Amino acid sequence: RALAAPPGGRTVIVQLFQWPWKSVAAECETFLGRKGYGAVQVSPPHEHVVLPDAGDGGHPWWQDYQPVSYDLDRLRTRRGDLADFKDMVARCHAGGVKIYADAVVNHTTGVSGGQGSAGTRFPDKYTYPGTFSDADFHTCRRPIRDYRDRWEVQNCELENLADLKTESPYVRTRLGRYLKDLASLGVDGFRLDASKHMPAADIAAILRETRAHIDADPSYTGTRDPYVYQEVLYGSGEPVRPSEYRGNGDLKEVQAMNFISRKFWSAADPADRIHQLHAFPVGWGDDMEAGDRAVVMVDNHDSQRDALPAADGGQDRQILTYKKGAAYRLANVFLLGWDYGTPLVMSSFGFTRRDTSPPRTADGTTTPVTCDGANWICEHRHSETADMVGFRNAVGDTPVNKAADAPEQDWYSDRSEGGPGNKIAFSRGAKGYVVINRDETTGWNRTYRTRLPAGRYCNVIGGDHDPAARSCKATHVVTVAADGTFTADVPRMSALALHVGATV
Ligand code: LM2
Ligand code: CA
């Protein structure tokens, strides 16, 4: 592993998609630090193209995935400038929250010239004065058509975006300098966008250049070990495999994302019910990443758009999003309560079509976030997510017993009662206990058997648990007896979670 490092004791990342830097800073101070979030994945900090007329009403979110320059001294984006960015990093760090940057280094723009968000003018998509010129781009100057052709996937153009010649020494060192400059600002890690479209060896070389720039700078005070997670979308039968990239760092595990959504999607289909998740991910998928290198999510900014109907620019994909209400919230309880991977929680702006821009002013500047549940959804504040962050931090790496004959204290489902399999309960050893009732009609009223020490616990989901005051809503206090049992009625489409860090 070149530069990858695990994210530390606070294990949850939240993607504050398209949030202005000032809003991220405020969220770190008022919410994320207190709830125990480990890191924020921020939208790309580079000069991006500005497309007032593209998409659905102009300034689509995706203009930000088209870099024009990597010069951080003059950083200006629709989310703020260099001063805002520095201030954000400092304020998040003060609250114990790291910053991971979405780093777009496979390509530049897909437009025939224009102006970037920091004012850089470029005459065509292969010429960026001061940064890249024609010779720095691959010569297969057409979109990728055949994903079964490795060469094409890595040398032609993703969505028509000018493809950087990542095997060239100059391109590698320029991109390495960009990553080093981000780390100099205090950035703790990188989501490497479009990793599949760069050979693993090219990414390794860029990360080596990053390290060389770091080592050559005596005044450098940033991390020497930025956390790296790569976006290598698994495609069945495709030659470029996520496993090739393991040496560079961690991987977003998109097969896990698909499975979780599918199992939580409906209560009706016997082929897909949540009791099937017992051994997850053992025996699932095609060469899935091990938990210690997988970044897992319920949805992300791409898949949540793919879930839209075709008429709105989507693909009708079976991916749960905030639009699915309780089923989505329960899937997040599973994501955070289960013992697999590093969770990446999605936090969205409201959208109805694929191209909908984030809330903005007329000139395309993103407006400050208010968590109103409409313009900005703030899923990361839902109790099913926010309070499960503390659960995950408290249980650490204590596993779930995945044996087929696991005793009721470790794993239980309504299948044992002749039910359809929409209700599950599981232990994280003696550290935590989770009940998920995804049944749409009936509550789950029973005596649960856990491995928890006796005591008074807060059901942190909806319990308004305050660790400092050791307080909890009276209705959410649960008493675990000396034999590890407690009795509770978990209503339909809801969850319960107890952990040793939330006793009252
Ligand atoms: C990613 N991960 O690997 C991002 O998560 C994904 O959101 C990015 O695509 C993609 N890689 C490239 O960074 C988005 C968006 C595309 C959009 C691109 C570039 O999903 O639709 O492409 O950003 O802005 C757009 C147009 C497309 C056009 C292209 C170039 O939608 O029709 O291609 O710009 O002009 C003709
Ligand atoms: Ca490429």
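What counts as what
- Residues numbered from 1 in each chain as written.
- Chains lettered and ligands numbered in written order.
- Predicted model: local features only at pLDDT ≥ 70, side-chain atom pairs only at ≥ 80, totals over all residues.
- Axes fitted to C-alpha atoms, helices over the stretch in contact; angles between N-to-C directions.
- Helix = DSSP H or I, 4+ residues; strand = E, 2+ residues; numbered from the N terminus.
- Parallel < 35°, antiparallel > 145°, perpendicular 65-115°, else oblique.
- Contact = placed C-beta atoms within 7 Å.
- Nonpolar A, V, L, I, M, F, W, Y, C, P; charged D, E, K, R; others polar.
- Expected span 1.5 Å × (residues − 1).
- Buried ≥ 20, exposed ≤ 12 C-beta atoms within 10 Å, placed from the backbone.
- Arc of directions from axis to C-beta.
- Pairing = 2+ DSSP bridges.
- Core = buried A, V, L, I, M, F, W, Y, C linked by C-beta atoms within 7 Å.
- UniProt positions renumbered as here; feature names shortened; annotations may be inferred.
- pLDDT = per-residue confidence, 0-100.

1. Regarding the packing of helix α1 (residues 21–35) against helix α2 (residues 82–94)
- Following both chains from N to C, one finds α1 and α2 inclined at 10 degrees, their axes separated by 8 Å at the closest point. The orientation of α1 with respect to α2, classified from their angle, is roughly parallel. Contacts between α1 and α2 involve W21, K22, V24, A25, C28 and E29 from the former and D84, F85, D87, M88, R91 and C92 from the latter.
- Of the residues belonging to the contact of α1 with α2, the class tally is seven nonpolar, no polar and five charged.

2. Let's talk about the environment of E152
- Topologically, E152 is positioned in helix α3 (residues 150–155).
- Non-local contacts of E152, meaning those with residues more than four positions away in its chain, are made with I144 and D146.

3. A word on α2
- The first and last C-alpha atoms of α2 sit 18 Å apart over 13 residues, in line with the 18 Å expected at 1.5 Å per residue.
- Those residues of α2 lying buried are F85, M88, V89 and C92. The buried residues of α2 occupy one face: seen down the axis, they fall within an arc of 95 degrees. Away from its buried face, by an angle of more than 90 degrees, α2 presents the exposed residues A83 and A94.
- Residues of α2 that are buried sit in contact with α1, β2 (39–42), β6 (80–81) and β7 (98–103).
- The first or second residue beyond α2 is G96, which carries a positive phi of 80 degrees.

4. A word on the pairing of strand β20 (residues 477–480)
- The alternating pattern of β20 places V478 and V480 on a buried face, while none of V477 and T479, on the opposite face, is buried.
- Bridge count between strand β19 (residues 455–458) and β20: four bridges; the pairing is antiparallel. Residue pairing in the sheet places R456 in a bridge with T479 of β20.

5. Looking at the nonpolar core
- Among the nonpolar cores identified, the biggest contains 130 residues, and V24, V40, V333 and A497 are the most heavily contacted of them.
- Broken down by element, this core gets its largest block of residues, seven residues, from helix α8 (residues 326–337).
- Among all residues touching V40, those that are not within four sequence positions of it are V14, L16, V24, C28, L32, C92, V97, I99 and Y100.
- Grouped together as the second largest cluster of nonpolar side chains are six residues, V49, V50, F122 and F132 included.

6. What about the UniProt feature "domain: Glycosyl hydrolase family 13 catalytic" (unreviewed entry) in the chain?
- The UniProt record marks residues 11–392 with the feature "domain: Glycosyl hydrolase family 13 catalytic" (unreviewed entry), using the residue numbering of this structure.
- Secondary structure content for residues 11–392 is 27% helix and 12% strand, while the C-alpha to C-alpha distance between its ends is 7 Å.

7. What about the sheet that holds strand β1 (residues 13–16)?
- Read around the barrel, eight strands follow the order β1-β2-β7-β10-β11-β12-β13-β14 and close on themselves; strand pairing throughout is parallel. In this sheet, neighbouring strand axes are inclined to one another by 25 degrees on average, regardless of whether the strands run parallel or antiparallel.
- As paired strands, strand β13 (residues 294–296) and strand β14 (residues 342–347) are joined by two bridges and run parallel to one another. Along β14, the bridge assignment pairs V295 with T342.

8. A closer look at the UniProt feature "domain: Alpha-amylase C-terminal" (unreviewed entry) in the chain
- UniProt annotation of "domain: Alpha-amylase C-terminal" (unreviewed entry) refers to residues 409–503 when read in the numbering used here.
- For residues 409–503, the helix share is 0%, the strand share is 43%, and the end-to-end C-alpha distance is 19 Å.

9. Notes on the environment of V478
- By secondary structure assignment, the location of V478 is in strand β20.
- When the C-alpha positions of V478 and E231 are compared, they lie 41 Å apart, and in sequence the two are 247 residues distant.
- Dropping the residues within four chain positions of it, V478 is found in contact with Y457, N459, F486, A488 and L498.

10. Looking at the sheet that holds strand β17 (residues 432–437)
- The strand order across the open sheet formed by four strands is β15-β16-β17-β22, and the pairing between neighbours is antiparallel. Unpaired on one side and paired on the other, β15 (411–413) and β22 (494–499) mark the two borders of the sheet. The average undirected angle you get between the axes of adjacent strands in this sheet is 5 degrees.
- Pairing of β15 with strand β16 (residues 423–428), which is carried by three bridges, proceeds in the antiparallel orientation. For S413, the partnering residue across the bridge sits in β16 and is I424.
- The strands touched by α8 within the sheet are β17 and β22, with β17 carrying the most contacts at an inclination of about 155 degrees.
- Relative to the sheet, helix α9 (residues 383–395) contacts β16, β17 and β22, its axis offset from that of β22 by approximately 30 degrees.

11. Section: the confidence of the model for the chain
- The pLDDT averaged across the chain works out to 96; a share of 99% of its residues lies at or above 70.
- Element-level pLDDT for the chain is lowest in strand β8 (residues 114–115), with a mean of 95, against a maximum mean of 99 in β17.
- Across the assembled chains, the prediction reports ipTM 0.98 with pTM 0.98.

12. What about unusual backbone geometry?
- The omega torsion of the bond from F280 to P281 falls at 0 degrees, within 30 degrees of zero and hence cis.
- In this fold, P281 is placed in the loop between α6 (254–265) and β13.
- For A194, which is not glycine, the phi dihedral falls at a positive 55 degrees.
- You can see A194 is positioned in the loop between β10 (189–192) and α5 (200–215).
- The exposure class of A194 is buried, given the 20 C-beta atoms found within 10 Å.

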